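# Remarks on the overall topology
Take a look at the letters that make up each chain.
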Amino acid sequence: AGLLGVEYELHRAAQEFVIVHFVAVLCGATALLWYADQLPFATLAVAALAVLGVLWLVGAVMQGRLAPARAVAAECVGALLLYASLAAGLLQVG
């Protein structure tokens, strides 16, 4: 008994979302690892969670569990929370 594969087709919007966000998360993870020794732990932890969150969103869009528009909305909410925490002084950059 072999494993059954799941075959489905990604729509054009989902393909574009996945390509753009996967390249962005690779660049972000590279920068995060490059500067990891210079960042405070809280900032490093939040950035690592952001990378994991984007990877989860990419997977959800690829599996059809989440529409690309809703994934972008989730990213916007995350970015607003990050900005608010930076403005409130909860996180330090550099």
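None of the values given here were measured: they were computed from a predicted structure.

### A word on the overall build of the protein
Check the secondary structure of the protein and you find three helices and zero strands. Listing every helix and strand of the protein by position from the N terminus yields α-α-α. Within the protein, buried positions represent 16% of all 94 residues. Summed over all atoms, the accessible surface of the protein reaches about 7,100 Å², with 71% contributed by carbon and sulfur.

### Things to note about helix α1 (residues 12-34)
Here α1 is 23 residues long and its end C-alpha atoms lie 33 Å apart, about the 33 Å a rise of 1.5 Å per residue gives. For α1, the full list of buried residues reads A14, F17, V18, H21, V25 and L32. Those residues of α1 that are buried are in contact with α2 (41-62) and α3 (68-87).

### Re α3
Compared with an ideal rise of 1.5 Å per residue, which puts 20 residues at 28 Å, α3 spans 28 Å between its outermost C-alpha atoms and is within 8% of the ideal. Just beyond α3, the residue with positive phi is G89, at close to 85°.

### Regarding the nonpolar core
Ranked by size, the top nonpolar core spans seven residues in total: A14, F17, V18, L57, V58, V61 and A71. At the level of secondary structure, the elements contributing two or more residues to this core comprise α1 and α2. Those residues in contact with V61, other than ones at most four positions away along the chain, are L10, A14, F17, V18, L66, A67, P68 and A71.

### With respect to a nonpolar patch on the surface
There is a patch of nonpolar side chains on the surface, built from F22, L26, L49, L52 and L55 and spanning about 480 Å² of accessible area. Those elements giving two or more residues to the nonpolar patch turn out to be α1 and α2. With respect to the element layout, L26 can be found in helix α1. For L26, a relative accessible area of 45% corresponds to the partly exposed category.

What counts as what
Residues numbered from 1 in each chain as written. Predicted model: local features only at pLDDT ≥ 70, side-chain atom pairs only at ≥ 80, totals over all residues. Heavy atoms only, no water. Helix = DSSP H or I, 4+ residues; strand = E, 2+ residues; numbered from the N terminus. Buried < 20%, exposed > 50% of the residue type's maximum accessible area, 1.4 Å probe, protein only. Areas by Shrake-Rupley, 256 points an atom, 1.4 Å probe, with all protein chains shown as cover. Expected span 1.5 Å × (residues − 1). Contact = heavy atoms within 4.5 Å. Core = buried A, V, L, I, M, F, W, Y, C linked by side-chain atoms within 4.5 Å. Patch = residues over 30% accessible without salt bridge, like charges linked within 9 Å, V, L, I, M, F, W, Y side chains within 5 Å. Salt bridge = Lys/Arg side-chain N within 4 Å of Asp/Glu carboxyl O.

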